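Residue strings, one per chain:
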Amino acid sequence: MQLTKIERLNLIHQYLILEKLYPESQPHYSELRQALEDGYSLHYSWCFESLGNDMPEDECRKVLDILDMYRAIAFSSEKIKSIKVTEHYYNIFRGFDGNEEGQYMQYTNFFIKKLGRFDELLYGNENRSFNSHSNMLKIYSRMLNIWINEMNKNYDLNEEQILKILEA
């Protein structure tokens, strides 16, 4: 990783400020600052280790579509009170696999817990991690295909429609 001297100087000053603001993390910030001051370019990447990779807009929208679909399922299920629907394994939003779909899981946590949206998908459990422990993207994609293309993002679903989505 290459940084210009101006970028290094800016980061050095920011780390000096962080050292003062957060004395408990001072040793870590001091190490980063020292690597930048001394020009140890091999270690510049340490400054960015805690940054996640960018999640493309279309992937974010996919997660929001999935959450939106589950909102429609949750509200419709509540209205129709069908045992077949309520007991179906996929009736509850499972989340995403923490190992293989971690970025999706993190975005879901951010959107639901930090932003306070789609809180009905917490199902009364504020501590949900949204870690499904199994890959879900392919399943959700099939479900979305039906909900979007066949049902035009209908939010007032009947039992048959919900089951068709859940069985995808």
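Before reading on, note that the structure itself is shown above.
Attention here is on the structure that accompanies the text. (Residues numbered from 1 in each chain as written. Predicted model: local features only at pLDDT ≥ 70, side-chain atom pairs only at ≥ 80, totals over all residues. Heavy atoms only, no water.)

### Thoughts on the overall build of the protein
Argument step 1. Helix and strand counts for the protein stand at 7 helices and 0 strands.
Argument step 2. Each helix (α) and strand (β) of the protein, taken in turn from the N terminus, gives the series α-α-α-α-α-α-α.
Argument step 3. For 168 residues, the compact-globule estimate of 2.2 N^0.38 gives 15 Å, and the C-alpha radius of gyration of the protein, at 22 Å, exceeds that figure by more than 25%.
Argument step 4. Expressed as lengths along the three principal axes of its C-alpha atoms, the size of the protein is roughly 65 × 30 × 25 Å.
Argument step 5. Split into buried and exposed, the 168 residues of the protein put 39% on the buried side.
Argument step 6. Accessible area of the protein: about 10700 Å², with a carbon and sulfur share of 50%. (Helix = DSSP H or I, 4+ residues; strand = E, 2+ residues; numbered from the N terminus. Rg over C-alpha atoms; globule rule 2.2 N^0.38 Å. Buried < 20%, exposed > 50% of the residue type's maximum accessible area, 1.4 Å probe, protein only. Areas by Shrake-Rupley, 256 points an atom, 1.4 Å probe, with all protein chains shown as cover.)

### Quick look at the environment of Ile 66
Argument step 1. Examined against the element boundaries, Ile 66 turns out to sit in helix α3 (residues 57-80).
Argument step 2. Taking the C-alpha atoms as reference, Ile 66 lies 8.5 Å from Met 143; in sequence the two are 77 residues apart.
Argument step 3. Beyond its immediate chain neighbours, meaning those up to four positions away, Ile 66 contacts Phe 93, Phe 96, Tyr 140 and Leu 144. (Contact = heavy atoms within 4.5 Å.)

### Focus on the environment of Phe 111
Argument step 1. Mapped onto the fold, Phe 111 is located in helix α5 (residues 102-114).
Argument step 2. Residue Phe 111 is classed as buried on the basis of its relative accessible area, which comes to 11%.
Argument step 3. Expressed as a C-alpha distance, the spacing of Phe 111 and Leu 64, which sit 47 residues apart in the sequence, is 8.7 Å.

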